[in-house]
Amino acid sequence: MIRNSDTNGTVYHVQGGPMGTLLTIKDFCLWYGRAQALFDVGMGVEKGLVTALIGPSGCGKSTLLRGINRMNDLIDGLRTSGEILLDGTDIYGPDVDVIGLRKVMGMVFQKPNPFPMSIADNVCYPLKVDGVRDKKTLRDTLENALKASALWDEVKDRLQDNALGLSGGQQQRLCIARAIAGDPEVLLMDEPCSALDPVATAKIEDLIDELRGRYTIVIVTHNMQQAARVSDNTAFMYLGKLIEYGETSVIFTNPKVEKTMEYVTGRFG
Ligand SMILES: Nc1ncnc2c1ncn2[C@@H]1O[C@H](COP(=O)(O)OP(=O)(O)OP(=O)(O)O)[C@@H](O)[C@H]1O
Ligand SMILES: [Mg+2]
């Protein structure tokens, strides 16, 4: 399905989400002070699938991603309109517990950001913040999250070592483990491989593939091949607007909008 941003009020959905739609973004606009960064974005994010956000620098990918877990709230002068529904509830509604919301939405950033503490403490951090002290729960979560993030075999004998001693790729998988330990429904990833070498990148891509189905993943990437490899659906953004949204294979081989074709074939951006 495509989204032509000149028509307001439409939420575009893609076919093929067997678990249905988890997030519905409707007429979503966002301003930093007087500068509008997002214009009437409307799209459904399918549960359990991987959705890629692509587009040239400054088009609003990170802004939209941060809009999904309300990370932008921390910015002075920020204003939004429209809705982002999570299972039907507007996350911008007056009664929403923002801390609770961020627990549902794990976030992974461009630059791995492990805390200066042990590998184990990093992964268990979300539980400890919640006051979990039970040793078995902590140990089980640690092992499960590290296995889920494909890091267990590499670190199981040095769980008490400082996380800052890990390689960049291991640090990023640790950050994914930490996000997973918080038991989120959604994983938001903002260019998670941009600071990594090709081998570490391939491992993260394999991991994303393994996490498909268990989590709903939204990933921002500048790398067209990566979007094509890892995502089920792709949204192309340009100048703050959602230009086209559809199944990744269609967006990359047979997009309906000329601008999308120009971008995916590398003619600009
Ligand atoms: N904190 C902020 N305050 C003011 N303007 C901002 C802020 N963050 C982003 N912007 C502006 O909003 C627009 C969208 O930025 P955003 O970071 O979302 O783009 P992006 O698509 O993620 O770009 P990139 O690919 O370079 O990361 C840009 O014009 C940017 O300058
Ligand atoms: Mg960005």
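Predicted model only: the values in this text are computed from it and were never measured. (Residues numbered from 1 in each chain as written. Chains lettered and ligands numbered in written order. Predicted model: local features only at pLDDT ≥ 70, side-chain atom pairs only at ≥ 80, totals over all residues. Heavy atoms only, no water.)

1. Thoughts on the sheet that holds strand β5 (residues 89-90)
Reasoning step 1: With antiparallel pairing, four strands are arranged side by side in an open sheet as β2-β1-β4-β5. Two strands bound the open sheet, and with one partner strand each, they are β2 (35-46) and β5.
Reasoning step 2: The pairing of strand β1 (residues 21-32) with strand β4 (residues 78-86) spans eight bridges and is antiparallel. Paired with K26 across the strands is E83, a residue of β4.
Reasoning step 3: On the sheet, helix α1 (residues 61-68) packs against β1, β2 and β4 and is oriented at approximately 120° with respect to β1. (Pairing = 2+ DSSP bridges. Helix = DSSP H or I, 4+ residues; strand = E, 2+ residues; numbered from the N terminus. Contact = heavy atoms within 4.5 Å. Axes fitted to C-alpha atoms, helices over the stretch in contact; angles between N-to-C directions.)

2. Regarding the packing of aromatic side chains
Reasoning step 1: Throughout the structure, instances matching the rule amount to five aromatic pairs.
Reasoning step 2: Arranged with centres 5.5 Å apart and planes meeting at 75°, the rings of Y238 and F268 form a pair that is edge-to-face. Of this pair, Y238 sits in strand β9 (residues 233-238) while F268 is found in the segment after α10 (258-264), placing the two residues 30 residues apart along the sequence.
Reasoning step 3: Using a relative accessible area of 23% as the deciding quantity, one classes Y238 as partly exposed.
Reasoning step 4: Judged by relative accessible area, which is 22%, F268 ranks as partly exposed.
Reasoning step 5: An aromatic cluster is built from F236, Y238, Y263 and F268, whose rings are joined through pairwise contacts.
Reasoning step 6: When the ring centre of W31 is taken as reference, the NZ or CZ atom of R79 above it lies at 4.0 Å.
Reasoning step 7: It is K259 that lies over the ring of F268; its NZ or CZ is 4.8 Å from the centre. (Phe/Tyr/Trp six-rings, centres within 6.5 Å; stacked < 30°, edge-to-face > 60°. Buried < 20%, exposed > 50% of the residue type's maximum accessible area, 1.4 Å probe, protein only. Lys NZ or Arg CZ within 6 Å of the ring centre and 35° of its normal.)

3. Concerning the site of ligand 1
Reasoning step 1: Close to ligand 1 lie 14 residues, the nearest being S57, G58, K61, S62 and T63.
Reasoning step 2: Between ligand 1 and the protein, one listed contact pairs a nitrogen atom with a side-chain N or O atom of Y32 at 3.4 Å.
Reasoning step 3: Interatomic distance of 3.2 Å between a backbone N/O atom of C59 and an oxygen atom of ligand 1.
Reasoning step 4: Look at ligand 1: alone it shows 630 Å² of surface, and the protein chains cover 60% of it.
Reasoning step 5: A total of four residues in the shell around ligand 1 trace back to one element, the largest contributor, which is α1. (Near = heavy atom within 4 Å. Polar contact = N/O pair within 3.5 Å; in protein donor to acceptor, adjacent residues only side chain to side chain. Areas by Shrake-Rupley, 256 points an atom, 1.4 Å probe, with all protein chains shown as cover.)

4. Here's the deal with the packing of helix α4 (residues 135-148) against helix α6 (residues 168-181)
Reasoning step 1: At a minimum axis separation of 8 Å, α4 and α6 run at an interaxial angle of 130°. When the interaxial angle is binned, α4 and α6 end up oblique. For the element pair α4 and α6, the recorded crossing hand is right-handed. Residue-level contacts link T141, A145, L146 and A148 of α4 to L174, A177, I180 and A181 of α6. (Parallel < 35°, antiparallel > 145°, perpendicular 65-115°, else oblique. Left-handed = near helix turned anticlockwise from the far one by under 90°.)

5. Topic: the layout of surface pockets
Reasoning step 1: If you add up the space inside the largest pocket, you get close to 620 Å³.
Reasoning step 2: Lining the largest pocket are 21 residues, with R102, K103, M105, M107 and P126 sitting closest to its centre.
Reasoning step 3: Among the secondary structure elements, those contributing two or more residues to the lining of the largest pocket are α2 (98-104), β6 (105-108), α3 (119-129) and α6.
Reasoning step 4: Element by element, the count of residues in the lining of the largest pocket is highest for α3, at four residues.
Reasoning step 5: For the lining of the largest pocket, the residue count by class is 13 nonpolar, four polar and four charged.
Reasoning step 6: Here the lining of the second largest pocket is composed, by residue class, of four nonpolar, one polar and four charged. (1 Å grid on protein atoms, 1.4 Å probe; cavity = no way out; pocket = protein on both sides within 12 Å on 5 of 7 lines; lining within 4 Å. Points joined across faces, edges and corners; volume = space filled by probe spheres on them. Nonpolar A, V, L, I, M, F, W, Y, C, P; charged D, E, K, R; others polar.)

6. Thoughts on the side chain of T216
Reasoning step 1: By the element assignment, T216 lies in strand β8 (residues 216-220).
Reasoning step 2: The buried category is assigned to T216, whose relative accessible area is 2%.
Reasoning step 3: Here T216 is in contact with L22, V45, E46, K47, G48, L49, E185, V186 and L187, once residues within four sequence places are set aside.

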